[in-house]
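# Architecture at a glance
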Amino acid sequence: MSTSPETTAAAPDAAQVPKVFVGNLPYKTNDEQLKAFFSDVGEVVEVRVIMRGTRSMGYGFVSFADLATVNKAVAAKDQAELEGRPLKVEVAQPPSKEAGEEGSAKASRRRQARRKADKKEATQETKEAKAAEKPAKQSGAENSGEEAKSAKSGSGRRANGRRQRRFPKKDANPDSAATESPSAEPKGESKSAGKAAARAAAKAAARASAKPSETVIYVGNLPYSTTDEELSKLFSDFSISSAHVVVAKKTNRHKGYGFVTLANAAEQLKVIERFSNNPIVVSERILNISPALSEYPVSTDQASEGEATA
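Residues numbered from 1 in each chain as written. Predicted model: local features only at pLDDT ≥ 70, side-chain atom pairs only at ≥ 80, totals over all residues. Heavy atoms only, no water.

## A few points about the sheet that holds strand β9 (residues 254-262)
Strand order in the open sheet formed by four strands is β8-β9-β7-β12, with antiparallel pairing between adjacent strands. One side of each edge strand has no neighbouring strand; the edge strands of this open sheet are β8 (240-247) and β12 (288-293). Strand-to-strand, the axes of this sheet are offset by a mean angle of 30°, without reference to chain direction. The sheet contact formed by β8 and β9 spans six bridges and is antiparallel. Within β9, the residue paired with Val247 across the bridge is His254. Strands in contact with helix α7 (residues 265-277) are β7 (212-220), β9 and β12; relative to β7, the strand with the most contacts, it is inclined by about 40°. (Pairing = 2+ DSSP bridges. Helix = DSSP H or I, 4+ residues; strand = E, 2+ residues; numbered from the N terminus. Axes fitted to C-alpha atoms, helices over the stretch in contact; angles between N-to-C directions. Contact = heavy atoms within 4.5 Å.)

## Observations concerning the packing of aromatic side chains
Inspection of every chain in the model, using the stated rule, returns ten aromatic pairs. Seen from their ring centres, Phe21 and Tyr59 are 5.7 Å apart, and the 40° between their planes marks the pair as tilted. With Phe21 in strand β1 (residues 19-23) and Tyr59 in strand β3 (residues 55-64), this residue pair connects regions lying 38 residues apart in the sequence. Pair check on accessibility: Phe21 and Tyr59 agree, each one buried. (Phe/Tyr/Trp six-rings, centres within 6.5 Å; stacked < 30°, edge-to-face > 60°. Buried < 20%, exposed > 50% of the residue type's maximum accessible area, 1.4 Å probe, protein only.)

In structure tokens:
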């Protein structure tokens, strides 16, 4: 008696699992809350709120057992409100194999570029801190040198043949002299270094507590030749209010990033949704696109005082 070989059902491809895209999520929404919101539609297989680090990107995906439940979820939940925000719910389209492979390669290049940018920024901040300390140290050393010359000349005779009057030393202990030498630093230099440290601490605290803007996006890794007009053309398919690249306030040098203000939160969501899987490449540079941090200014004159992060 012949038997047919056993067949094993292949595991479903994650890209082909029926799911919906959910946009305009409140930034505090987590996976469990989103699952509870869709539980009345049907069996929820998987829920994933997209995060960047510890911050929500404001959108996510919900997977269901079949396509019929997906269509039901779109009909029932599109424009439904969650914590006062109307959600955008639509059928998620699986990326093609070529797009998936290209997206993985681009994501890898993005991570490498981000690591290089972070390393460069850390190195620059270290240089600035050292530069702020150097003038104060030099001033202290010059004052100490002048005191030493004065003491040396005082131990001999003057040019006119009269001997200088000597005064007893207050303290011959070298440790005491070393302790007093910092007091020779000019007060202005010391205050300048203190202000620089305070600005750095304030910037770090602002980044830690910042919330993403709902209308402004940060565009990083721009070619240094990019102009405001060229940046605006990159987003010509969307409704934007303004677009500008950031330049240093004192030197007018291009800083390699910019900001684009969208007409409303829905337009910002469209930008994030489109370029999350299909990033923009300009002059072989993959642009970093993310919601701007609300505490950072978006005007050219002020933006040099702080940089946004994705």
